[in-house]
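Residue-level listing of the chains:
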Amino acid sequence: MSQHNRLAQGGRIDRNQPLSFTWNGKQYQGYQGDTLASAMLANGIKVVGRSFKYSRARGIFGHGAEEANALMQLGVGKETIPNPRATQIELFDGLTASATNGWPNADFDLMEWVGKIGGKMMPPGFYYKTFMWPEKMWMTYEKFIRKAAGYGKASLEADPDTYDKMNRHCDVMIVGAGPAGLAAALEAGRTGKRVILADEQNEFGGSLLASGQTINDQPAVEWAEAAAAELAAMENVICLPRTTVFGYYDHNFLGALERRTDHQGMTAQSGTRQRIHRIRAHQVVLATGAIERPLVFANNDLPGVMLSGSVATYVNRYGVVPGNRCVVMTTNDSGYQTALDIVAAGRTVVAIVDVRHNPEGRLVDAAREAGITVKPGHAIIEAKGNKQVTDAMVAPIDIEGDKVTGQPMSMSCDLIAVAGGWSPVVHLSCHTGSRPQWNDEVAAFVPGPTLQQQHLAGAIDGEYSTAGALTAGAQMGAKAAASEVHNQYDCGDESICPAQAMYLVPHTKPVSRAPKQFVDFQNDVTAAGIELANREGFESIEHVKRYTAMGFGTDQGKTGNINGMAITAKNLGKTIAETGTTIFRPAYTPVTFGAIGGRDIGELLDPARHTAMHSWHLDNGALFENVGQWKRPWYYPKAGESMQQTLNRECMAVRRSVGMVDASTLGKIDIQGKDAREFLNRVYTNAFSKLAPGKCRYGLMLKEDGMVFDDGVTACLGDNHFLMTTTTGGAAGVMSWLEMWLQTEWPELEVYLTSVTDHWATCSFSGPNARKVLEKLCDDVDLSAEAFKFMDWREGTVAGIKARIFRISFTGELAYEVNVPANQGLHMWQQIMAAGEEFDITPYGTETMHVLRAEKGYIIVGQDTDGSLTPQDCGMHWVVGKNKEFSFLGKRSFTRPDTSRDDRKHLVGLKPTDPTVVIPEGSQIVADPTQPIPMDMLGHVTSSYWSECLGHGIALGTVKAGHHKTGDTVYFPLADGRVLAAEICSPVFYDPKGERHHD
Amino acid sequence: MLHIYCPYCEEMREEEEFSYSGEAHIARPLDPESLTDAEWGDYVFFRTNPRGLHHEMWNHAVGCRRYFNVTRNTHTYEIYETYKMGEQPTVTGGKS
Amino acid sequence: MTSLKTPLHHITAPAHVTNANVIMREDPFRGHLNLRGNPQDEAFTRAVAKVLGVALPTQPNSSAEQGTTRIYWLCPNEWLLLVAADTQAQVEADLRDALAGQHVAVTDQSSGQTLVNLSGPQVDDLMMKSTVYDCHPSNLGIGKVVQTTFAKTGAIIHKCADGSFDLVIRRSFSDYFFLWLADASQEYGLRVT
């Protein structure tokens, strides 16, 4: 098919570089410099999709971000991108796109008939009102509705492209590189300040790229090119074309999406496809321009009805005339310029239909001189056609624009260009919470007051003339850079005749009876729908929005909102200012999830922390468990072993000989200062006043509510020097908790805290042969049970390395923790493994550690506790100091009525009645399994394992008043219908007298 | 994204470096044991949640690890001042 | 000493990089000592200066350097001392001697972190990808040192006289750090020296 709508010359396309593309399976040709939309229009493609709710045929309507209809499914397979606007897709060779909806296809769509037949019966809320009953059927209805309606589909395959983010900082951020933005950047740039200029289009210039005006006697396009080149040459200016500033956040923080390779093909050949710039700016100049408003008349959604400025852009910038016979409808002078451009392109303008009764002046005269029929005081009240415009029904209207005053006449045409005035792009300004304000002078909402360091330049502020925009840009650019204006601008005569506001074009029939008059094309919101919403009592504009869906989705009300608000205002007898606007939210245009994810995906999603011995664990077949961000060995399966077999082997090795676990991940805090003891007394439940150098003590930490928060062993290194260990997952939290008390409440305490978690590597080995292993490696410490007791620590030389040896145990066996600087951690681990070889020393992971400690009834904070257990609830009265002078953190809460109740949930041991059973962790505990649902819950199982050394399952759990129920049988109704039983017992299943670790 | 002046690092830093630590100027009672349950409960559990001016404690967690105070508008997110631990705010009440 | 393994000992350079615009070099086994004390106390600052041969920097975000000793300001009462490899124990002992009786803390962190230098023609771009801190020369001048984010972890970043960056990173995050670095510098080319 030829590009029959393409002009022989003109525009910023390269006719020597033809590009082929496929749309809906058919091949077409366009040129370098085209957007997909301009190439489609050049080829005469009219229907580009189906509407959201009524499945009406829709065509290309705008030329940029305001496009509401031409949403594409771009590409196929894993490369596909759902819903980009054809007007924002730069054409490349081999581009493939299809309509996002329409079944069986966009051109012939069955749902349209549903829409036509049911049209009158599909008011706002139709789906919810209709298909909600019976309720259970909604899921069924929804499947069909979703298939028929809605837009594009995301790929289910992995995206082959790379996306990333950059943090940027600048003095002046300028959003939009039209005349105002360029002028602002030139002023700010010459000061040497750090400037960023971003524009969503492929080249800077904005409206100037489609303008026939002159700037200081230079053609506007040439001026724009020169300005862009000048800025590109400034080292302090970062130019970001193809970059949409999609969000404006607090304290002058902006998000911008740069499409780096989208214009080259479906995937980036190399490098980053899209990049989010996270920009912190001292000053922001918003030069985002304005979007033309459509006019709301009957069937105004027919393909062939387009925004007037967009038609002019296609003609001037892309060398495409979207039709041969055009009727222009306008409320202001812009329509005249479009008509003149169409005539200059050699096509016919049937008439300019101007709602103003007495238009006059420069452009009106020019149109008349060009022989164009002008119909003042008229309006297009209805478009006719099937899948594309064939006629415009033009009728005289009264001076207020409220009523049709005569017989409509039919004008044959294939294009209707509508110019309903301009709406400043206030979206970004709104993102930070600033409400737009109605400005009567320009009949538009302009940005309202803001707390941001924000300046407005050009059409966003209602300044629609080119010279005005340039001048405002220069002023704001200079102001933002704290400088004086340097450049002056003259664009010749830009005088205009005042515009007339018109938000709803009257019809011969009332709104409710007239053919559909669309307000929001993307969400299929009509004037009648808004009227109904208002009649049903939705008066706040925010409620109207939610009831009708106006301004939802990717469109964000760019073209429809003002008309919709004005119609609401009129229905309610209010002014537009009184009705106000809804708030536009980020993102201005959609941002791909690829870009949002950036590089924080896969292995980089969350940092994995490794110990110094990680490579050994890898080499020795460990499977890993995530504990916080740490990767801890979970267990070390040998070939052919099941997980349980591995655990049994690892557990028995510790119980019978010796096993070793990497305990480097425990948090370690070095505490120095003369008040260190006092500090420990305050933050732990037990006393540290008398802990002598060379000794260790277990401590329990509470929050002020009296609930267990962390635990660990603290060693006294010297009179004023301690080493505290914390749980692996709680380390950072404990550190900032302790710092908070020191910094905010007890600055008088002479204590300094330093995290040494990463500095020390910890090899923890336990079992009856642990001492024998250590004896082989260490000869400068008396390791005898009498000299080096349980809960002692010694400094010594282990395998030739200066080490701290702690005799502490989490397994219930004789155990040593050898701590060395992590640079020597791997070496130490290897030496201990080698020394232990004759004892079959067995590396074990966190799972075996959990079994061993559960056999001893040792809690794991965060597994057995959940922030709702006191030490007493845990049966740990022994660790609560009774005679401490200072009311330690959490102590006062013990006597609160709720905390001192006798029937709180208590942590108990649970011994399954059937010894072969392992109760699932998380199982609910009840007293009577025959009780009808809902049963009375007593608590739940927090830890549960098979104990190989005891030969039966063991569990810990919380049970209401459990400490008083020892010997009772409780039950565990499982999801699969089984009911397990267990006896409440002491949580210490193994070596209850603690003889083994004291040996 | 807030931009916060750390009174210890003496420069503006990005929000990512900080963590929020609740209402500022909540002093721990000097003698908890002498308090009624209601008084203690008030200290432990109850915090103001104003719309508008609020004195908050923040921690420069990824920076100098110091706690400090921020007078912030919870509605507009405007930060009026930041000040060191132990200092008193200069902006109080009235603003919304 | 063969028993020593720096956090990044196992890192190998990405293969086939012909045009490296980012260069990473680990400065392994430096002594890292954390020092706490009151800078208003002259007895403290004098004693420290005497041991280290250079005065403690007390301006926020500043550093001081003398021979192989470098001092980073971390907060108003905290500094990181970077000393020559294998001297940390001696320096720690000397400091403890000189500061005896004072409210101070000296803590060895030499194994807990490592010093990495990032340089190359596109190191500034890499830094923009990696940290929220503004590393532009107008904000991070030569000698300035800040603690801030690096990807999803933290780092101490010091701008060196030659325009490169010295980073102190934590051992447990070093694998993640390198994974990030290799990924973020892919488009620039990374060389490990």
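Since the model is a prediction, treat every value here as computed from it, not as a measurement. (Residues numbered from 1 in each chain as written. Chains lettered and ligands numbered in written order. Predicted model: local features only at pLDDT ≥ 70, side-chain atom pairs only at ≥ 80, totals over all residues. Heavy atoms only, no water.)

## Quick word on the sheet that holds strand 2 (residues 31-36) of chain C
All names here are of chain C.
Okay, so step 1: Strand order in the open sheet made by the five strands is 3-4-5-2-6, with antiparallel pairing throughout. Where the open sheet ends on each side, the last strands, each with one partner, are strand 3 (63-66) and strand 6 (105-108). For this sheet, the mean inter-axis angle between neighbouring strands, taken without regard to orientation, is 20 degrees.
Okay, so step 2: As judged from the six bridges shared by strand 2 and strand 5 (residues 78-83), these two strands associate in the antiparallel manner. In the sheet register, Asn34 faces strand 5, and the bridge partner there is Leu80.
Okay, so step 3: Of the strands in this sheet, strand 2, strand 4 (69-75) and strand 5 are in contact with helix 1 (residues 42-52), which crosses strand 2 at around 165 degrees.
Okay, so step 4: Across the face of the sheet, helix 2 (residues 88-98) comes into contact with strand 2, strand 5 and strand 6 while running at roughly 170 degrees to strand 6. (Pairing = 2+ DSSP bridges. Helix = DSSP H or I, 4+ residues; strand = E, 2+ residues; numbered from the N terminus. Axes fitted to C-alpha atoms, helices over the stretch in contact; angles between N-to-C directions. Contact = heavy atoms within 4.5 Å.)

## Overview of the packing of aromatic side chains
Okay, so step 1: According to the stated counting rule, one finds 30 aromatic pairs over all chains in the structure shown.
Okay, so step 2: Taking 6.4 Å as the distance between ring centres and 25 degrees as the angle between the ring planes, the aromatic pair formed by Phe518(A) and Phe521(A) counts as stacked.
Okay, so step 3: Assessed through its relative accessible area of 1%, Phe521(A) is described here as buried.
Okay, so step 4: Arranged with centres 5.8 Å apart and planes meeting at 25 degrees, the rings of Trp793(A) and Phe806(A) form a pair that is stacked. One end of the pair, Trp793(A), is in strand 40 (residues 793-798); the other, Phe806(A), is in strand 41 (residues 801-806), and 13 residues separate them in sequence. For the pair formed by Trp793(A) and Phe806(A), the shared burial category is buried.
Okay, so step 5: Among the aromatic residues, those joined into a ring-pair cluster are Phe679(A), Phe709(A), Trp737(A), Trp741(A), Trp746(A) and Phe886(A).
Okay, so step 6: Against the face of Phe886(A) rests Arg682(A), its NZ or CZ located 4.2 Å from the ring centre.
Okay, so step 7: Over the face of the ring belonging to Tyr77(B) we find Arg72(B), whose NZ or CZ atom lies 5.2 Å from the ring centre. (Phe/Tyr/Trp six-rings, centres within 6.5 Å; stacked < 30°, edge-to-face > 60°. Buried < 20%, exposed > 50% of the residue type's maximum accessible area, 1.4 Å probe, protein only. Lys NZ or Arg CZ within 6 Å of the ring centre and 35° of its normal.)

## Side note on the interface of chain A and chain C
Note on interface size: it is often stated as the accessible area lost on association of the parts.
Okay, so step 1: Across the contact, 44 residues belong to chain A and 44 residues belong to chain C.
Okay, so step 2: By the criterion of area lost to chain C, the three top residues of chain A are Leu604(A), Tyr752(A) and Asn823(A), representing 21% of everything that side buries.
Okay, so step 3: Across the contact surface, chain A and chain C share six salt bridges.
Okay, so step 4: For Arg194(A), the salt bridge is made with Asp134(C), and the minimal N-O distance between the two is 2.8 Å.
Okay, so step 5: Of all the secondary structure elements, the ones that give two or more residues to the side of chain A that touches chain C are strand 8 (163-175), strand 15 (274-286), strand 34 (667-672), strand 38 (752-755) and helix 22 (825-836) of chain A.
Okay, so step 6: At six residues, strand 8 of chain A tops the list of elements feeding residues into the side of chain A that touches chain C.
Okay, so step 7: Tallied by class, the residues present in the side of chain A that touches chain C amount to 14 nonpolar, 15 polar and 15 charged. (Buried area = accessible area lost by both parts, 1.4 Å probe. Salt bridge = Lys/Arg side-chain N within 4 Å of Asp/Glu carboxyl O. Nonpolar A, V, L, I, M, F, W, Y, C, P; charged D, E, K, R; others polar.)

## A word on the interface of chain C and chain B
Okay, so step 1: Across the contact, 17 residues belong to chain C and 13 residues belong to chain B.
Okay, so step 2: Together chain C and chain B conceal approximately 1100 Å² of surface at their shared face, both sides included; 49% is due to carbon and sulfur atoms.
Okay, so step 3: A per-residue breakdown of the area chain C buries against chain B is headed by Pro60(C), Val132(C) and Gln147(C), which together make up 35% of the total.
Okay, so step 4: The tally of links from chain C across to chain B stands at two salt bridges.
Okay, so step 5: Put simply, Glu11(B) and Lys144(C) hold a salt bridge, and the shortest N to O gap is 2.8 Å.

## Notes on the packing of helix 7 (residues 308-318) of chain A against helix 8 (residues 334-344) of chain A
Residue and element names in this part refer to chain A.
Okay, so step 1: It is the contact of helix 7 with helix 8, at a shortest axis distance of 9 Å, that shows an interaxial angle of 30 degrees. In this view, helix 7 runs roughly parallel relative to helix 8, as classed from their interaxial angle. Where helix 7 crosses over helix 8, the handedness of that crossing is left-handed. Here helix 7 contributes Ser308, Gly309, Val311, Ala312, Val315 and Asn316 to the contact with helix 8, which in turn contributes Ser334, Gly335, Thr338, Asp341 and Ile342.
Okay, so step 2: Across the contact of helix 7 with helix 8, the residue classes break down as four nonpolar, six polar and one charged. (Parallel < 35°, antiparallel > 145°, perpendicular 65-115°, else oblique. Left-handed = near helix turned anticlockwise from the far one by under 90°.)

## Some remarks on helix 21 (residues 770-777) of chain A
Residue and element names in this part refer to chain A.
Okay, so step 1: Turning to helix 21, its buried residues are Ala770, Arg771, Val773, Leu774 and Leu777. Angular distribution of buried residues about the axis of helix 21 spans 160 degrees; they occupy a single face of the element.
Okay, so step 2: Residues of helix 21 that are buried in the fold lie against strand 39 (760-766), strand 40, strand 41, strand 42 (815-821) and helix 22. (Arc of directions from axis to C-beta.)

## What about the sheet that holds strand 11 (residues 190-192) of chain C?
Strand pairing in a sheet takes place through backbone hydrogen bonds and is either antiparallel or parallel in direction.
Residues and elements named next belong to chain C.
Okay, so step 1: Strand order in this open sheet of six strands is 8-9-10-7-1-11, and the pairing throughout is mixed. The open sheet has two free edges, formed respectively by strand 8 (145-150) and strand 11, since each of these has just one partner strand. Strand-to-strand twist across the sheet, computed as the mean angle between neighbouring axes with direction ignored, equals 30 degrees.
Okay, so step 2: As defined by bridge partners, strand 1 (residues 22-27) adjoins strand 11 across three bridges and the pair is classed as parallel. In the sheet register, Ile23 faces strand 11, and the bridge partner there is Arg191.

## Describing the packing of helix 21 of chain A against helix 22 of chain A
Residues and elements named next belong to chain A.
Okay, so step 1: One way to put it is that helix 21 packs onto helix 22 with a least axis distance of 9 Å and a crossing angle of 115 degrees. Two packed elements cross with a definite hand, and for helix 21 against helix 22 that hand is right-handed. Along its contact with helix 21, which presents Val773, Lys776 and Leu777, the element helix 22 presents Gln831, Ile832, Ala834, Ala835 and Gly836.
Okay, so step 2: In terms of residue class, the contact of helix 21 with helix 22 is made up of five nonpolar, two polar and one charged.

## Some remarks on the nonpolar core
Okay, so step 1: Core analysis: the largest hydrophobic core is formed by 63 residues, its most contacted members being Ile671(A), Phe679(A), Met724(A), Leu738(A), Leu753(A), Leu35(C) and Leu81(C).
Okay, so step 2: When residues of this core are assigned to their parent elements, the largest contribution, seven residues, is made by helix 20 (residues 731-745) of chain A.
Okay, so step 3: Residues contacting Leu35(C), with those up to four places away along its chain left out, are Phe44(C), Val48(C), Leu56(C), Asn77(C), Glu78(C), Trp79(C), Leu81(C), Leu99(C), Ala105(C) and Val106(C).
Okay, so step 4: Counting residues in hydrophobic clusters, the runner-up holds 51 residues, among them Ala42(A), Tyr336(A), Leu340(A) and Ala367(A). (Core = buried A, V, L, I, M, F, W, Y, C linked by side-chain atoms within 4.5 Å.)

## Considering the side chain of Ser423(A)
Residue and element names in this part refer to chain A.
Okay, so step 1: Mapped onto the elements of the fold, Ser423 is located in strand 25 (residues 422-424).
Okay, so step 2: On the basis of relative accessible area, Ser423 is assigned to the buried category, the value being 6%.
Okay, so step 3: Within polar-contact distance, the side chain of Ser423 engages the side chain of Arg293 at 3.0 Å.
Okay, so step 4: Beyond its immediate sequence surroundings of up to four residues, Ser423 is in contact with Ala290, Ile291, Arg293 and Ile562. (Polar contact = N/O pair within 3.5 Å; in protein donor to acceptor, adjacent residues only side chain to side chain.)

## Describing helix 1 (residues 37-45) of chain B
Okay, so step 1: For helix 1 of chain B, every residue scored as buried is listed here: Trp40(B), Gly41(B), Tyr43(B) and Val44(B). The arc that holds every buried residue of helix 1 of chain B, seen down its axis, measures 165 degrees, which confines them to one face.
Okay, so step 2: Elements in contact with the buried residues of helix 1 of chain B: helix 20 of chain A.

## Some remarks on the domain arrangement of chain A
Residues and elements named next belong to chain A.
Okay, so step 1: Domain assignment breaks chain A into domain 1 (1-154), domain 2 (163-290 + 424-480), domain 3 (502-574) and domain 4 (667-755).
Okay, so step 2: Each of domain 2 and domain 3 has a C-alpha centre, and the two are 31 Å apart.
Okay, so step 3: Of the residues lining the interface, five residues belong to domain 2; the matching set on domain 3 comes to six residues.
Okay, so step 4: Overall, the association of domain 2 and domain 3 removes approximately 380 Å² of surface from exposure, summing both partners, and the carbon and sulfur fraction of that is 60%.
Okay, so step 5: For the salt bridge of Arg435 with Glu542, the shortest nitrogen-to-oxygen distance reads 3.4 Å. (Domains from an automatic or database assignment.)

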